[in-house]
Amino acid sequence: MTTETPVPVARQVPSERVHHGDVVVDEYAWLATKDDPETIGYLKAENAWTESRTAHLADLRTELFEEIRRRTQETDLSVPTRKGGHWYYSRTVEGKQYGVHCRRAVRDGETTPPISPAGAPLEGEEVLLDGNLLAEGHDFFSLGAFDVSPDGRFLAYSTDFSGKERFTLRIKDLTTGELLPDEIPDTFYGTAWAADASVLFYVTVDDAWRPHRVWRHVLGTAAADDVVVHSEDDERFWVGVELTRSERFILIDIASKLTSEVRVIPAGNPTGEPAVIAPRRQGVEYSVEHHGHRFLILHNDGAEDFALAYTSADAPGDWVPLIAHSPGTRLEAVDAFADHLVVTLRANGLTGLRVLPVGGGGGDGHDIAFPELLHTVGLDSNPEYLTGRVRLRYTSLVTPDSVYDYDLVTREMTLLRRRPVLPGPDGREYRPEDYEQHRDWALADDGTKVPISLVCRRDTPRDGSAPCVIYGYGSYEASMDPWFSVGRLSLLDRGVIFAVAHIRGGGELGRSWYEHGKLLAKKNTFTDFVACARHLAKAGWTSSDRLLARGGSAGGLLMGAVANLAPDAFTAIVAQVPFVDALSTILDPSLPLTVTEWEEWGNPLADPEVYAYMKSYTPYENVADRDYPAILAMTSLNDTRVLYHEPAKWIARLRAVAPQGEYLLKTEMEAGHGGPSGRYDAWREEAFVNAWTLDRLGRA
């Protein structure tokens, strides 16, 4: 006799919230109490319900997992990167969840990186850190810092075993293989070594998980003796720390969503007082890169899409123009090498790289050309300052991740490695020519043209009969540039189209594209996505009853918003770690990251207009008795960025208010914002999502 799993019903406990005279009753606020056994019981009940409702997909999940596994070269080795007298690389081993970090001495006359096509260890390698050994006995493992000292003697690394993104920092002597007694708990991402490796700088967070302090640690001393180098009291700002590529300066980066400030310490004088490059001015963002006698300044002072300037490294002062502002060409980063600068930029919705010889202006430079119309390119790891070549990483919707070396003088580009895609379980080889990628444009409600990137098999019909997944994000100026996915092949080969909506709030078309999708223009993000969905159906790519939407984090807010805004446009929605109770969160400055987010969403505590605007679009606030698409929400109990209770409350309210719908909640009980930490676990999660996707699209 079997017992059918019951539909979870969350207890309703009315909790009143009053702001600007508006009274809101939240029946599920109690779910925010993480240590309440009833909360954990409810999450487990939802997991059991989700498992029961997807049990019929078990075989398909196994099949999809095997497709990912079989197409992936499980024993693999990255292209080694040279730093000083060593090649540094990581490798994976079949059956192991985590990477192994290694190095090997550079041999006499060796100018090109040693390649191991089968992923075997390089002869003479030195294992610096084995993630599998570190992860033993833990359900979750994440590496925060991995930073080798300039002299190659020490490795600073940090570990997290919960998903909370609070790391324990350790130091390993690479000459002896022994761990130093130094152990620093509760650190954040980011470290920087002094020139002589006697001092290590690191970052810690406050109670709201905001990185706010930079510390100086002297090797061989107790963490209790560490000195605060900078403490940021303005709750809008984050801090970070890094060593310049030249290894001449420690940079302390201080930034809010709108404003930044950089302070520098000579790496040869780590106890020196940090000097300010330029005092913060509200609305002015800048970043710093050291180059010889100057600091390069990438900034938006009177330059919406940013300009490049420089100032003296000895006495920072006025900014001398180097690349003038060009509206529509967004300058995103500058990397300095001894004889060249490389500028990362985007124009016409695509990424690009511009090379500038030292001593010349912008007119003396050149843009690196790439063959595909839709692509993503950027600099890879380039730790060497004295070099005539740079390492690039390139991909597209049909081209697997590719690593190139580019000669800055001859302009010759050498392919070092393209990620292998092995035959699937059916023995079929991956052939890029079997697929095609497209750029289409939707027309938003206000007449704005919104780009869409698509990929599908060449034999996919254009009569509206093909199922489609549309992906979106649209926040923080983050661009969803084309990327290759092995897991996606399982969808494409079953006739599914994959589309990316490059909606406002992202950065695909420059800074103005971001500005018109934030604060009191945030609804453009949601209406743009709906416009893209409607366009795909109207243009014959798919139809609304064959269209599934997917997004995560702020893209999960997007999913919840469009579910309320246009439920008829989609047959199903996947919302991963979704920010669906945004107003409640942004109203509570005690929660992680809230205050730093006010410049992105507005401050509803202080501004009644912001409060009313956010309330009009946040998903949880606007659940109503309507016919929703089927919804799969996924979260993690230890997520510190989007707390687990947001999707938990959302699903509970959906089920209570619109009970005719199909709503599933899956909570990882030992993970953080990024989900499961091991690669095989991550593949299983992707197989779970893809199986549910195919089922909802009629292709299971």
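Before any of the text, the structure's been laid out above.
Throughout what follows, the structure given in this document is the object of discussion.

What counts and how
- Residues numbered from 1 in each chain as written.
- Predicted model: local features only at pLDDT ≥ 70, side-chain atom pairs only at ≥ 80, totals over all residues.
- Heavy atoms only, no water.
- Pairing = 2+ DSSP bridges.
- Helix = DSSP H or I, 4+ residues; strand = E, 2+ residues; numbered from the N terminus.
- Expected span 1.5 Å × (residues − 1).
- Buried < 20%, exposed > 50% of the residue type's maximum accessible area, 1.4 Å probe, protein only.
- Contact = heavy atoms within 4.5 Å.
- Patch = residues over 30% accessible without salt bridge, like charges linked within 9 Å, V, L, I, M, F, W, Y side chains within 5 Å.
- Areas by Shrake-Rupley, 256 points an atom, 1.4 Å probe, with all protein chains shown as cover.
- Salt bridge = Lys/Arg side-chain N within 4 Å of Asp/Glu carboxyl O.
- 1 Å grid on protein atoms, 1.4 Å probe; cavity = no way out; pocket = protein on both sides within 12 Å on 5 of 7 lines; lining within 4 Å.
- Points joined across faces, edges and corners; volume = space filled by probe spheres on them.
- Nonpolar A, V, L, I, M, F, W, Y, C, P; charged D, E, K, R; others polar.
- Phe/Tyr/Trp six-rings, centres within 6.5 Å; stacked < 30°, edge-to-face > 60°.
- Lys NZ or Arg CZ within 6 Å of the ring centre and 35° of its normal.

## Brief notes about the sheet that holds strand β26 (residues 366-367)
Okay, so step 1: Taking strand neighbours across the sheet as the criterion, the 4 strands line up as β23-β24-β25-β26 in an open arrangement whose pairing is antiparallel. The open sheet is flanked by β23 (329-336) and β26, the only strands paired with a single partner.
Okay, so step 2: In the sheet, strand β25 (residues 350-357) pairs with β26 via 2 bridges, with the strands oriented antiparallel. For arginine 354, the partnering residue across the bridge sits in β26 and is aspartate 367.

## A look at helix α7 (residues 554-565)
Okay, so step 1: Its 12 residues place the ends of α7 16 Å apart at the C-alpha level, agreeing with the 16 Å of an ideal helix rising 1.5 Å per residue.
Okay, so step 2: Buried residues dominate α7, accounting for 11 of its 12 residues.
Okay, so step 3: Restricting attention to buried positions, one finds in α7 the residues Ala554, Gly555, Gly556, Leu557, Leu558, Met559, Gly560, Ala561, Val562, Ala563 and Asn564.
Okay, so step 4: Of the surrounding elements, those touching the buried residues of α7 are α6 (523-538), β35 (547-552), β36 (572-576), α8 (582-586), α9 (594-601) and α11 (645-657).

## Points about a nonpolar patch on the surface
Okay, so step 1: Together, Val18, Val23 and Val25 give the surface a local cluster of nonpolar side chains, amounting to about 230 Å² of exposed area.
Okay, so step 2: Structurally, valine 25 can be placed in strand β2 (residues 22-26).
Okay, so step 3: Residue class for valine 25 comes out partly exposed when judged on its relative accessible area of 39%.

## Focus: the pattern of salt bridges
Okay, so step 1: All chains considered together, the criterion is met by 57 salt bridges.
Okay, so step 2: In this structure, the salt-bridge partner of glutamate 477 is arginine 330, at a minimum N-O distance of 2.9 Å. Linking glutamate 477 in the loop between β33 (468-471) and α4 (486-492) with arginine 330 in strand β23, this pair joins segments that are 147 residues apart in sequence. Of the two residues, glutamate 477 and arginine 330, both sit in the buried class.
Okay, so step 3: In this structure, aspartate 426 and arginine 428 form a salt bridge, with 3.7 Å as the shortest nitrogen-oxygen distance.
Okay, so step 4: Three or more residues are tied together by salt bridges with common partners; here these are Glu63, Glu67, Arg71, Arg457, Asp459, Asp493 and Arg494.

## So, the layout of surface pockets
Rolled over the atoms, a probe sized like a water molecule indicates the empty space that remains.
Okay, so step 1: Considered as a void within the structure, the second largest pocket measures approximately 810 Å³ in volume.
Okay, so step 2: Where the lining of the second largest pocket is concerned, the elements lending two or more residues are β33, α4, β35, β37 (630-636) and α12 (679-696).
Okay, so step 3: At 7 residues, α12 tops the list of elements feeding residues into the lining of the second largest pocket.
Okay, so step 4: For the lining of the second largest pocket, a count of residues per class yields 16 nonpolar, 13 polar and 6 charged.

## Some thoughts on the packing of aromatic side chains
Okay, so step 1: This model, assessed by the stated rule, comprises 23 aromatic pairs.
Okay, so step 2: Seen in terms of ring centroids, tyrosine 202 and tryptophan 215 are 6.3 Å apart; in terms of plane orientation they differ by 5°. Their pairing is stacked. Taken as a pair, tyrosine 202 in strand β12 (residues 199-205) and tryptophan 215 in strand β13 (residues 211-218) lie far apart in primary sequence, 13 residues in all.
Okay, so step 3: A network of ring pairs unites the aromatic residues Phe167, Phe188, Tyr189 and Trp238 as a single cluster.
Okay, so step 4: Geometry around tryptophan 209 places arginine 166 over its ring, the cationic atom sitting 4.0 Å from the centre.
Okay, so step 5: The residue whose ring lies beneath arginine 280 is phenylalanine 237, and the NZ or CZ to ring-centre distance is 4.5 Å.

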